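These are the residues of each chain, in order.
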Amino acid sequence: MPTLVIVESPTKARTIRNYLPRDFRVEASMGHVRDLPQSTSDVPDSIKDKRVRELGVDVEAGFEPIYLVPKDKSKVVKTLKDALKEADELLLATDEDREGESISWHLLQLLKPKVPVKRMVFHEITEEAIHSAIENCRDIDVRLVRAQETRRILDRLVGYTLSPLLWKKIAYGLSAGRVQSVAVRLLVNRERQRRAFRKGAYWDLKALLAIEADSRQEFEAKLVTLAGRKLATGADFDESTGQVAAGRNVVLLSEEEARALQARLDGKTWTVSDLEERPVTRKPSPPFTTSTLQQEANRKLGLSARDTMRTAQSLYEQGYITYMRTDSVHLSQQAIAATRSCVEEMYGAEYLSPSPRQYTTKSKGAQEAHEAIRPAGSTFRTPKQTGLKDRELKLYDLIWKRTVATQMADARQTQVTAQIQVEDAGFRASGKRIDFPGFFRAYVEGSDDPNAAIENQEIILPPMRAGDHPNCRNLEAIGHETQPPARFTEASLVKTLESEGIGRPSTYASIIGTITDERKGYAHLVGNTLVPTFTAFAVVDLLERHFPDIVDLRFTSKMEQTLDDIAAGEVDWLPYLTQFYSGDQGLETQVKERDSNIDPKEARTIHLDDLGTKIRISRTGAYIESENGNVNLPRDLPPADLHPAQVETLLKGPNKLGSHPETGEPIYVKLGPYGHYIQLGDKTEENPKPKNVSVPPKVKPEEVTMEMALGLLTLPRTLGVHPETGRKIQASLGRFGPYIVHDLGKDEDGKPKKDYRSIKAPDDVVTITLERALELFAEPKAVRGKRAAAKPLRELGAHPNDGEPVNIYEGPYGPYLKHGKVNASLPEGQTVEEITMDVAVEALAAKAGTKKTTRSKKKSETTTAKKTTAKRATKTTTKKTTTKAAAAKKSTGTSKRVKTGE
């Protein structure tokens, strides 16, 4: 009879199946097989208590959860039960974290196996790791299960107790959450800071200088002192007043003073008064954790936290990376050896760190004894060797580079600072040069391209000495304005949540997904920025006023620590839940007491001191309350950007451009929840839906003319029919701007099929002709994100062997030869202008030969490793069979009374 192995997903099952003997059967649970009910309709009729049915938790019976098998999991459960009937052993191989431990425990409770049960754990899906996991199984860790269950109950109690209150007092459909509400408050507080911010203005001078000995190399210097006093910069301003902060002894230049100084220094002698060179060493960043991977993928690849985790999950399940939910930056000895081997092979021994690097976790509340996220296995596949594509390739490439960089030598730089005096004005020129790139060769944090990033690390100053007199080529007065605190991006929000110990990195993706959900209406994702809404302001105001602990960072962080203590067995879960929810100061009591004291009209009101009017929340969004009628605010209007002048304009009502020349109907420019639009005619009983069209993107409402409005009101325009298909072509204006569309009928599934092309200047959506539209459709669709190919410094000609071009390109370490996929540095003593084809071919052949030898060696090592693993697998199978024939020790897990809906 086979051994049944249960994992979470089909992908993971397929990958693991490749590394197990034939008598192992692998099935997927498809995630959790049981969960709390989503609604009262899911709760069995046998449970009568209204509060228990609403919460899904019986508070009076020791916070006993009601676990149900979701309807979409019934077939999965049946498959697992049928498979278990044919098995003589069960291995629960779910992920090695609290969630995975909980899934295994639920499987144990639901399947009630009568065969031996073992918990199989691993942090990567490789042949070696899987066989090691089989040999080192353990029991289910009840402490991890209890911690996960406590978290689940805690989140349910907060969400299902506070959310109905928000429905009653603000708007239906809103939700509160233990971590979600804290995240929303962070966004709102940053927006409040932006509202309170006052701009400050300051001026300085920038000079373009050149040393006579090297007049070709110009460099910049900025004014830093005047008459011995420091010049004011943005850091010297008070954000709440827009003035220089009290106690700052700085010179604040106005535009007039800056231009007068510029004129006074014209033609004067510039002197290098001091030159300082200071060596700087930079160490590589630690390998990725869940949090840092989400941050870096957001910065470099533009991936949301949710997309990052989905992609990482797929890479893990396919066996490309280690487990992607981890707080640890630790690397195993196997990983360090693989990384150092990779560095030496790809970059040379001089790029290895002198000794193996190991990192320690510093994040608050770090948990689970996993490794950092790294490429899986004892040898690392390069990104090209994986065969991955698109998003998976990009994320694997990021993980591979970050891991490889950890075992590389430090980057060594020299910072150069030149102090330059002209009369009483002190200027500073700063530069830096890379003495040894070290780990920069593989990875630079926050940059997509290490090669380009290395170039950005260098600012070369020409050779100079104290006493030199540089020539001033240009002197410019420059004005500056201080900037408000930046709004959160997904990356910066994740970083803040982690640094404050709020939530867990594995939950950040779902948290951000919830607050950006349009149905909740808490935040808009504009570009890469999280912009809170007026609804978020109203919710945070209510929670701060009546339930301050729920949105307090320290309180929430302490809750996370308590959950960790429960996982470590240091805190009892039941007294903690009782204290939090029940009793005189519990959440349930607070909600009951304060419900009657919360005025719904007041709860829906947002008080912004400088507006002189009230903003209220409705089911459709925010509006300005006015005696002459309420005025809707655009859904995407950031609260920090609403100012008194804008309110005054909105209250005046729509701008009437004039009357339609043919119908005489009025034409207005109006503001709606989704932005400005043009409306033809008034809304009446006979005309309940007047025709309207959005104002094009990047066109300000005051720039809309009568001619533009009349043209836009003709949209969508039918240009004619396509001569080949006989189907119509239209021009119109959409969410992303003007476009033309060719109706292609329906596809095989009966769904409409259309071909779109964007209309770009100088073409105009109002005047574009059928002939021009046909030209655009004849052109191939542009592929997004393609970069222009680099231009060679010199084209040597066709390679004598295959006729492919041999070119010379500029690289971060100087010029290099390129032929097909082979790149080679210029041989020593050769220049771009002088190198011949024969020399180039010889250098390329030497480089290609090195690569071929390396690949052959690696292939041989891989074959040997596979043979060794196969022998180990045979021993494992024999050992297992012998053990079964004797007596299997049954691990029963932990029994617990639960209510089920099976």
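For the chain, an unreviewed UniProt entry supplies the name DNA topoisomerase 1 and the organism Leptolyngbya boryana CZ1. Comment text from UniProt for the chain, heading Subunit (unreviewed entry), reads "Monomer." Check the Catalytic activity (unreviewed entry) section of the UniProt entry for the chain; it says "ATP-independent breakage of single-stranded DNA, followed by passage and rejoining."

1. Looking at the nonpolar core
When a protein is soluble and globular, its nonpolar side chains tend to lie buried together. Formed by 153 residues in total, the largest nonpolar core has its most connected members in Leu162, Ile170, Ile321, Phe534 and Ile615. It is helix α6 (residues 142-169) that contributes the most residues to this core, 10 residues altogether. Setting aside residues up to four positions removed in sequence, Phe534 forms contacts with Ile606, Leu608, Ile615, Ile617, Ala622, Leu633, Leu637, Pro639 and Leu642. Ala221, Leu253, Leu475 and Ala477 belong to the second largest nonpolar core, which has 28 residues in total.

2. Quick notes on the pairing of strand β21 (residues 655-659)
Two elements, β21 and strand β22 (residues 666-672), share 4 bridges in a ladder whose sense is antiparallel. Within β22, the position partnered with Ser659 by the bridge is Pro666.

3. Digging into the sheet that holds strand β25 (residues 717-721)
Strands in a sheet are paired, the pairing made by backbone hydrogen bonds, and the direction either parallel or antiparallel. The strand order across the open sheet formed by 4 strands is β25-β26-β27-β28, and the pairing between neighbours is antiparallel. Because the sheet does not close on itself, it has two edges, and the strands there are β25 and β28 (752-758). In this sheet, adjacent strand axes meet at a mean angle of 30° when their direction is disregarded. When strand β27 (residues 737-746) meets β28, the two strands line up antiparallel, connected through 6 bridges. Residue Asp743 lies in a different strand from β28, and its bridge partner there is Lys754. Strands β25, β26 (728-734), β27 and β28 of the sheet are contacted by helix α24 (residues 770-778), whose axis makes an angle of about 75° with β27.

4. Thoughts on unusual backbone geometry
Look at the link from Leu715 to Pro716: it is a cis peptide, with omega at -5°. Mapped onto the elements, Pro716 comes out in the loop between α23 (706-712) and β25. Going from Ala761 to Pro762, the amide bond is cis rather than trans, its omega being 10°. Among the structural elements, Pro762 can be located in the loop between β28 and α24. Positive phi is not limited to glycine here, since Phe63 has a value of about 55°. Within the element layout of this structure, Phe63 appears in the loop between β3 (57-58) and β4 (64-67). Classification of Phe63 by relative accessible area gives buried; the value is 2%. Phi is positive for Glu423, close to 55°, though the residue is something other than glycine. Looking at the secondary structure, you find Glu423 in the loop between β12 (411-422) and β13 (425-436).

What counts and what doesn't
- Residues numbered from 1 in each chain as written.
- Predicted model: local features only at pLDDT ≥ 70, side-chain atom pairs only at ≥ 80, totals over all residues.
- Heavy atoms only, no water.
- UniProt positions renumbered as here; feature names shortened; annotations may be inferred.
- Core = buried A, V, L, I, M, F, W, Y, C linked by side-chain atoms within 4.5 Å.
- Buried < 20%, exposed > 50% of the residue type's maximum accessible area, 1.4 Å probe, protein only.
- Helix = DSSP H or I, 4+ residues; strand = E, 2+ residues; numbered from the N terminus.
- Contact = heavy atoms within 4.5 Å.
- Pairing = 2+ DSSP bridges.
- Axes fitted to C-alpha atoms, helices over the stretch in contact; angles between N-to-C directions.

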